[in-house]
Amino acid sequence: MSCGCTHEQVKLQENILKKINNHPCYSQNAHQHYARIHVAIAPACNIQCNYCNRKYDCSNESRPGVTSARLTPEEAVKKVLYVGGSIKQLSVVGIAGPGDALANPKQTFKTFELLEKYAPDIRLCLSTNGLNIEKHIDEILKYNIEHVTVTLNSVDESGEVGAKIYPWVYFEGRRYHSTEAAKILLRQQLKGIELLVKNNILVKVNSVLIPNINEDELPRVAKKVKEMGVFIFNVMPLISKPEHGTAFGLSGVKSADHRLVMRVREACEIDMKLMRHCRQCRADAVGLLGEDRSDEFLKYEFADKSFEELQAHYDIKNRQEAHEKIEQWRALLQTANEKAMQEEARKYELSSTGETKLVAVTSESNGLINDHFGSAKEFLIYEAGDRAIKFIMNRRVETPYCKGPAGCGTYVIDEIKKTLSDCDILLTQKIGECPRAELSDIKIICDEDYANEPIEISVLKSVKKHFSFEKLKVC
Ligand code: SF4
Ligand code: SF4
C-alpha cells in the first residue's frame, strides 16, 4: 500500500526528521533530552525594536537580563567545546545576539567556520531580524546552517503596524524611519524567508506578541508564513518592564499575559504548526531549555586552553555514545507514553464532553515528573480531556517556593498561585503540606502519585482519576 507520496517527498520528510530529531527548539519531543548553547558574539544591530535595549539581551531570543561577557569567534568555539564535553546532551549551537547575527557577519561566519572544523557533529542555527538574509544567503548555505529563525512581527503592507514597533531601520547605508522603515524590513524579511525555504533550510518564525499593537496581526502572520513553507511558528509574549529601559517598557506597554498568549496561539494554530515550548532564552543561554547553566561556564575556564586540548575534552566519540543512550531512553519513553501520544494526534477531540482541564507539571528533564514543587522554577501546562492531551505552554516563576538552605523559612507562594490560577491539577514529585493547602484554597488538586513517571500518560491518567467526564465533576 502506498501513502501517496513521491520518493522525493519521502526523502524530504526523512531529511527534515533527521534535522529536528535532536533539536530542542524545532522538536518539542526533543526539548527535555537535548541541550542548546547560544554564543554571544554579535553585539551590533541594524534595526531598533521598541522592545529592545541592547544593554540587555536581545528580546527576540532572550529574556531581558544584563548581558554577560561577549565573546570573539575563537572564544565562542572554545566555549562550545568546553560545554559540549561537559553537557553531553548539547546538540545545537545558535547565534542569537545580543544584537543581530547578520548585522555582524564577520563574527557570525567565522564562528560557524571554526565550528565546522572543531565540532562537526553539532547543529548550527542563527536567528535574525531578516533584514540581511538575502545579502548573506550564500554564506548561510556554505556553512551548512540548517536552521534559521526570523523574527517577523507584522505582515501589514502599509507599514502602520511595523512603524509602532520599529522606530528605524538601517539598510544599505541609509537610516529609514516610520512606515518607510517598516516596509523595507517586511520586504527584506519575506524575500529572505523565501530564499531560505527554497534552499531547504528549516525556518522558524518568531513573533513577539505585543498587547494592543500586533495581537490581531499574528494570525495573519501565521497564515502568510504557512503559505511560504515555514516549518514552525513561535508566538513569544512581550516581556516589558520600565527597568529594562526599552521604549515599550518606559511608555507603559504591558507584558503579554498567559490568557492573551493562549488566545492568540489558538487563533494562529488554525493555520500553522506552533512552537509552544520556547523559553525566550538569553543570548548566552546554556543547557536544557528549562534550565540556564550559563553561569557555570566562565570565560577564564576555557579561553586560555588550546583548541586541541578542548577537542580532547569535547570527545566526539563519547558524545555520540551519550546520544545513542538518549535515543534508547526516548524509545522506551515513547512506548510508555504511546497511548497518550497516539491520542494526541486527535488533538481537536481532547474530550468526549467538550470540556477539558488544565494540568501543571513539574519536570526537570527526561520527559518525567521529576522535580519537587519547592524547587520548580517553571511549570509545563497541559490541556487534557478524557480522550487526549495537548501541551499548551510553559510558565516560569521568578521565585521558586523554596529558596534552598539560605532562604529556609521564607516561603513565597503568591506568584505561583497567580501563575497557576486557572489550573485544575498539579502533578509533582513532592509537595509539602503548607503549599498543598494553599493550592487547595484555589481549587488545585496536588497529586504526587505520578512521581518519576512519564509525563504525557500521567497527565491523561490523572485527569480521568480526578474528574468524571460524564458529568465532569470532581470525584
Ligand atoms: S533585532 Fe534583536 S537586537 Fe536588534 S533591536 Fe530588535 S530585539 Fe534588539
Ligand atoms: S529562545 Fe526559544 S527558540 Fe530560541 S533557543 Fe530558546 S527555546 Fe529555543
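If you're wondering where the values come from, they're calculated on a predicted model, not measured in any experiment. (Residues numbered from 1 in each chain as written. Chains lettered and ligands numbered in written order. Predicted model: local features only at pLDDT ≥ 70, side-chain atom pairs only at ≥ 80, totals over all residues.)

Engineer: I tried to follow the overall build of the chain on my own but got confused; where do I start?
Structural biologist: Scanning the chain for helices and strands turns up 16 helices and 18 strands. In the chain, buried positions account for 46% of the 475 residues. Considering only contacts within the chain whose residues lie at least 6 apart along the sequence, 71% involve residues at least 24 apart. (Helix = DSSP H or I, 4+ residues; strand = E, 2+ residues; numbered from the N terminus. Buried ≥ 20, exposed ≤ 12 C-beta atoms within 10 Å, placed from the backbone. Contact = placed C-beta atoms within 7 Å.)

Engineer: Hey, could you run me through the nonpolar core in this one?
Structural biologist: Note that soluble globular proteins tend to have their nonpolar side chains buried in a common cluster. By size, the foremost hydrophobic cluster in this structure holds 92 residues, and its most contacted members are Val39, Val80, Val93, Leu185, Val203, Leu209 and Phe233. Looking at which element gives the most residues to this core, the answer is helix H6 (residues 178-198), with seven residues. If sequence neighbours within four positions are ignored, Val93 has contacts with Ile37, Val39, Val80, Leu115, Ile122, Leu124 and Cys125. By size, the runner-up hydrophobic cluster in this structure holds 32 residues, among which are Ile369, Ile431, Ile455 and Phe467. (Core = buried A, V, L, I, M, F, W, Y, C linked by C-beta atoms within 7 Å.)

Engineer: Any chance you could explain the sheet that holds strand E14 (residues 389-396) here in plain terms?
Structural biologist: In a beta sheet, neighbouring strands pair by backbone hydrogen bonds and run either parallel or antiparallel. An order of E14-E13-E12-E15-E16 is seen for the five strands of this open sheet, with the pairing classed as mixed. For this open sheet the edge positions go to E14 and strand E16 (445-447), each flanked by a neighbour on one side alone. Pairwise comparison of adjacent strand axes, ignoring direction, gives a mean angle of 25° for this sheet. The pairing of strand E15 (residues 425-427) with E16 spans three bridges and is parallel. (Pairing = 2+ DSSP bridges. Axes fitted to C-alpha atoms, helices over the stretch in contact; angles between N-to-C directions.)

Engineer: Before we go on, may I ask you to explain helix H9 (residues 258-269) in this structure?
Structural biologist: In an α-helix, one turn spans 3.6 residues, which is why side chains three or four residues apart end up on the same side. Here H9 spans 16 Å end to end across 12 residues, near enough to the 16 Å set by a 1.5 Å rise per residue. Among the residues making up H9, those that are buried are Val261, Val264, Arg265 and Cys268. Down the axis of H9, the sector holding all buried residues measures 105°, keeping them to one side. Summarising the geometry of H9, the exposed residues directed more than 90 degrees from the buried face are Arg259, Arg263 and Glu266. (Expected span 1.5 Å × (residues − 1). Arc of directions from axis to C-beta.)

Engineer: For this particular structure, what's the right way to read the environment of Ser27?
Structural biologist: Along the polypeptide, Ser27 turns up in the loop between helix H1 (7-20) and strand E1 (35-38). Assessed through the 18 C-beta atoms surrounding it within 10 Å, Ser27 is described here as partly exposed. In sequence terms Ser27 and His277 are 250 residues apart; their C-alpha atoms lie 9.2 Å from each other. Dropping the residues within four chain positions of it, Ser27 is found in contact with Ile20 and Asn21.

Engineer: Which parts of the structure should I look at to understand the sheet that holds strand E6 (residues 168-171)?
Structural biologist: Reading across from one edge, E2-E6-E7 is the order of the three strands in this open sheet, with antiparallel pairing throughout. The open sheet is flanked by strand E2 (47-48) and strand E7 (174-177), the only strands paired with a single partner. In this structure, E6 lies alongside E7, joined through four bridges in antiparallel fashion. Paired with Val169 across the two strands is Tyr176, which belongs to E7. Together, E2, E6 and E7 form the strand contacts of H6, whose direction differs from that of E7 by roughly 110°.

Engineer: Help me understand the packing of helix H7 (residues 218-228) against H9, please; the structure alone is not making it clear to me.
Structural biologist: For any two helices packed against each other, one specifies the inter-axial angle together with the distance between the axes. Running from N to C, H7 and H9 cross one another at 30°; their axes reach a closest spacing of 8 Å. Remark: the crossing between H7 and H9 carries right-handed chirality. For the pair H7 and H9, the contacting residues are Leu218, Pro219 and Ala222 in the first and Val264, Ala267 and Cys268 in the second. Of the residues in the contact of H7 with H9, the class split is six nonpolar, no polar and no charged. (Left-handed = near helix turned anticlockwise from the far one by under 90°. Nonpolar A, V, L, I, M, F, W, Y, C, P; charged D, E, K, R; others polar.)

Engineer: It is not clear to me how the confidence of the model for the chain should be interpreted in this structure. Could you clarify?
Structural biologist: A low pLDDT means the predicted coordinates there should not be read in detail. With 89% of its residues at a pLDDT of 70 or more, the chain has an overall mean of 87. A low-confidence stretch, residues 57-66 stays under pLDDT 50, and its non-local contacts, those more than four residues away or across chains, total 46 contacts. (pLDDT = per-residue confidence, 0-100.)

Engineer: Looking at this structure, how should I read the pairing of strand E9 (residues 232-237)?
Structural biologist: A regular strand carries its side chains on alternate faces of the sheet. The element E9 is largely enclosed, with a buried count of six among its six residues. Side-chain alternation along E9 places Ile232, Asn234 and Met236 on one buried face and Phe233, Val235 and Pro237 on a second face that is also buried. In this sheet, E9 lies alongside strand E8 (residues 202-209) in parallel orientation, the contact comprising six bridges. What sits directly across from Lys204, in E9, is Ile232. With H7 bridging E8 and the parallel E9, this β-α-β connection has right-handed handedness. Sheet analysis places E9 next to strand E10 (residues 274-275), joined by two bridges and oriented parallel. From the neighbouring strand, Phe233 faces E10, where its bridge partner is Leu274. (Right-handed = clockwise from strand over helix to strand, strands pointing away.)

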